[in-house]
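Close look at the chain arrangement
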Amino acid sequence: MTRLGSPGGDEARGSRDGVEAVAVEIADAVDSLTGLWSVAAQEAALRLSPHQLRALRALEAAPDVNLTALAEQLGIGPPTASRLCDRLEAAGLLQRSSHPHKRREVQLRLTGHGNRVLKDVAARRAQALGAALASMAPEERTALIRGLRAFLASREAGAPPPGQR
């Protein structure tokens, strides 16, 4: 099977509308996007690991979350989340404070520096993605948007997870 972007990609695969063939092509595109995303994040003023970046994004989405909730959201154990927060706090990206009503609970919050780093990463990612999109023909960008909207609508409508079709 020929992968997306390789010579003869559409014809060499056979039926390009087959679900499995489309899934392989999308997986290839996601791998490429992930690489673009990682490079853009690494070019930011402060280099963050993917776990650190995910933690900061989670804290941006849910300010004042506690360590246990952050660990659950990231799919990691509390000790791992605690070490991750130690590093983020040492870098000045995260602030821990006592919960105003629960003495034993500690809230986690992004610092101003943490917010600026996230904005820097987001801007670099948007710039890198924009450069890739600029090299596409307008009708290709329109088709991409249409396809992504259809994909998101399918997911929001409750498309069954893998193995439960």
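Residues numbered from 1 in each chain as written. Predicted model: local features only at pLDDT ≥ 70, side-chain atom pairs only at ≥ 80, totals over all residues. Heavy atoms only, no water.

Thoughts on the environment of alanine 71
Here is the rule we go by: To qualify as a helix, a DSSP run of H or I must reach at least 4 residues; to qualify as a strand, a run of E must reach at least 2; elements of each kind are numbered from the N terminus. In this scheme, a residue with accessible area under 20% of its type's maximum is buried, one over 50% is exposed, and one in between is partly exposed, where area comes from a 1.4 Å probe on protein chains only. Contacts were defined at the residue level, with two residues in contact if any of their heavy atoms lie within 4.5 Å.
Mapping alanine 71 onto the fold places it in helix 4 (residues 67–74). Under the relative-accessibility criterion, alanine 71 is labelled buried at 1%. Separated by 10 residues in the primary sequence, alanine 71 and alanine 81 place their C-alpha atoms 5.4 Å from one another. Ignoring anything within four residues of it in the chain, the contact list for alanine 71 reads Ile76, Gly77, Pro78 and Ala81.

Details of the environment of alanine 123
Structurally, alanine 123 is set in helix 6 (residues 112–134). When the C-alpha positions of alanine 123 and alanine 41 are compared, they lie 9.5 Å apart, and in sequence the two are 82 residues distant.

Topic: the side chain of asparagine 66
Operational definition: We define a polar contact as two N or O atoms separated by no more than 3.5 Å, with the added condition that, inside protein, one atom must be a possible hydrogen donor and the other a possible acceptor, whereas residues neighbouring each other in sequence contribute only through side-chain atom pairs.
Checked against the element boundaries, asparagine 66 lands in strand 1 (residues 65–66). The buried category is assigned to asparagine 66, whose relative accessible area is 19%. Separated by 3.2 Å, the side chain of asparagine 66 and the backbone nitrogen of threonine 68 make a polar contact. A polar contact is formed between the side chain of asparagine 66 and the backbone nitrogen of alanine 69, at a distance of 2.7 Å. Ignoring sequence-local partners within four residues, the contact set of asparagine 66 consists of Glu105, Val106 and Leu108.

Description of unusual backbone geometry
The bulk of non-glycine residues show a negative phi, and the bulk of peptide bonds are trans. Of note in the backbone geometry, aspartate 64 takes a positive phi value of approximately 65 degrees without being a glycine. Assignment of secondary structure puts aspartate 64 in the loop between helix 3 (50–61) and strand 1. Aspartate 64 sits in the partly exposed class, given a relative accessible area of 31%.

Concerning the packing of helix 3 against helix 4
Rule in force here: Each axis is a line fitted through C-alpha atoms, taken for helices only over the stretch in contact, and angles between the N-to-C directions span 0 to 180 degrees. Any angle that is under 35 degrees is reported as roughly parallel, and any over 145 degrees as roughly antiparallel; angles of 65 to 115 degrees are reported as roughly perpendicular and all others as oblique. The hand of a helix crossing depends on one turn: near helix anticlockwise from the far one by less than a right angle means left-handed, and clockwise means right-handed. Residues are sorted three ways: Asp, Glu, Lys and Arg are charged, Ala, Val, Leu, Ile, Met, Phe, Trp, Tyr, Cys and Pro are nonpolar, and all the rest, Gly among them, are polar.
At a minimum axis separation of 10 Å, helix 3 and helix 4 run at an interaxial angle of 120 degrees. As summarised for this structure, helix 3 and helix 4 are arranged oblique, according to the angle between their axes. Between helix 3 and helix 4 the crossing geometry is right-handed. Together, Arg54, Ala55, Ala58 and Leu59 of helix 3 and Leu70, Gln73 and Leu74 of helix 4 make up the contact between the two elements. Residue classes in the contact of helix 3 with helix 4 are distributed as 5 nonpolar, 1 polar and 1 charged.

Remarks on the sheet that holds strand 1
Paired through backbone hydrogen bonds, the strands of a sheet run either parallel or antiparallel to each other. To be explicit about the condition: When DSSP finds two or more bridges between two strands, those strands count as paired.
Sheet architecture is open: 3 strands sit in the order 1-3-2, paired in antiparallel fashion. Every other strand in the sheet has two partners, leaving strand 1 and strand 2 (94–98) as the edge strands with one partner each. Relative to strand 3 (residues 106–110), strand 1 is paired through 2 bridges, and the arrangement is antiparallel. For valine 65, the partnering residue across the bridge sits in strand 3 and is leucine 108. Helix 5 (residues 78–90) rests against strand 2 and strand 3 of the sheet, and its axis sits at about 115 degrees to strand 2.

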